[in-house]
Amino acid sequence: MRTARNALTSTVASMVVALLPVTPALVGPAAASDESLSPPSGTTLYVRGDLGVASYDASSFSQADLLDRGGSFIEESFDQSVFVGAGLGWRLSQHLRLDLTGEYRVGADVRAVDHVEEVLSSPDGLITASTVYEGEHTAFVGLANLYVDLVKWQGFTPYIGGGIGVAHNRLKDFTTLSNGSFEDFATGDIRRETTTGEAGNGGKTSFAWALMAGTSYDLSADTKLDLGYRYLHLGNDVAATTSLIECHCGTVGEPLKVSGLDSHEFRIGIRWEFNAP
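An account of the accompanying structure is given in this report.

Calculation rules
- Residues numbered from 1 in each chain as written.
- Predicted model: local features only at pLDDT ≥ 70, side-chain atom pairs only at ≥ 80, totals over all residues.
- Heavy atoms only, no water.
- Pairing = 2+ DSSP bridges.
- Helix = DSSP H or I, 4+ residues; strand = E, 2+ residues; numbered from the N terminus.
- Patch = residues over 30% accessible without salt bridge, like charges linked within 9 Å, V, L, I, M, F, W, Y side chains within 5 Å.
- Areas by Shrake-Rupley, 256 points an atom, 1.4 Å probe, with all protein chains shown as cover.
- Salt bridge = Lys/Arg side-chain N within 4 Å of Asp/Glu carboxyl O.
- Buried < 20%, exposed > 50% of the residue type's maximum accessible area, 1.4 Å probe, protein only.
- Phe/Tyr/Trp six-rings, centres within 6.5 Å; stacked < 30°, edge-to-face > 60°.
- Lys NZ or Arg CZ within 6 Å of the ring centre and 35° of its normal.

On a regular strand, each side chain points to the face opposite its neighbour's, so the side chains alternate between the two faces of the sheet. Taken together, the 11 bridges between strand 8 (residues 202-220) and strand 9 (residues 223-241) define a ladder with antiparallel strand orientation. Residue pairing across strands places alanine 213 opposite tyrosine 229, the latter belonging to strand 9. In textbook terms, the turn of a hairpin is the stretch between consecutive antiparallel strands, and for strand 8 and strand 9 this stretch comprises two residues. Examined bridge by bridge, strand 9 and strand 12 (residues 256-273) share 15 bridges and lie antiparallel to one another.

In structure tokens:
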């Protein structure tokens, strides 16, 4: 297709050159000015592919049984994750672009540790317990994005942008390890117990939004290299949850929940424009 387009361009150029001696008015100042001021017809369609690294930040972890007993989480962590994405876009003008993107985030390791101390009256004693939760977070994200391309310089075009959409967060393959002890106030005896459990996969779809900044570089007239930073909010309130936690000791606990999930991301991508002027 590119060879055919080049051949067509050469043929048209040859015809114009042949006409120049008999139509000198075509190369006059007025004609040149009109040519430079005429806007491109239509919009430019493009497709894009992206690869990135995400660093997550969650505002809080919660588990209803723990809260009821006055406990709290003493450790919470998300590892980094890699994501891949693709999209379809339109260049609306020299400085304005719109695209629709979808992406998948591979598993990021999640770990949380809680602690609780509870005084019992019957029998009279103190329960101390700590549970370690370990599993993975994955997500599908779909966004509609609007970009403003700033001034181009030496092939580089800085941009800023924003997007809105949805994020489907999943917590999967979670296991629990609990260590507890009971101190009997009457006798002073301390009894210790270790239990394990697991939670099935759980999903939650939330409103998502993003802010972006970066630059593109012209690899050719219709191919752009894109480098950028993105802040992505993947859910407020309850952004992700497991299913019920089933202890191998026979009890069933409430799900582990993650609230206020954000991501700081660096992306590299390629845009291919199909009818660039």
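Another point: a nonpolar patch on the surface. Side chains of Leu51, Val53, Val82, Val84, Val106, Leu227 and Ile268 sit close together on the surface and give an oily, nonpolar patch of about 530 Å² of accessible area. Only strand 1 (44-63) and strand 3 (81-91) provide two or more residues apiece to the nonpolar patch. Here leucine 227 lies in strand 9. For leucine 227, a relative accessible area of 40% gives the class partly exposed.

Applying the stated criterion to the full structure yields nine aromatic pairs. Aromatic pair phenylalanine 156 and tyrosine 217: ring centres 4.7 Å apart, planes at 45 degrees, arrangement tilted. A residue pair is termed long-range when its members are at least 10 positions apart, and phenylalanine 156 in strand 6 (residues 156-184) and tyrosine 217 in strand 8 qualify at 61 residues. Residue classification places tyrosine 217 among the partly exposed positions, given a relative accessible area of 32%. Of the aromatic side chains, those joined through ring pairs into one cluster are Tyr56, Phe61, Phe73, Phe78 and Tyr133. The lysine or arginine in question, arginine 97, covers the ring of tyrosine 147, its NZ or CZ lying 4.3 Å from the ring centre. Sitting over the ring of phenylalanine 83, arginine 105 keeps its end group 4.6 Å from the ring centre.

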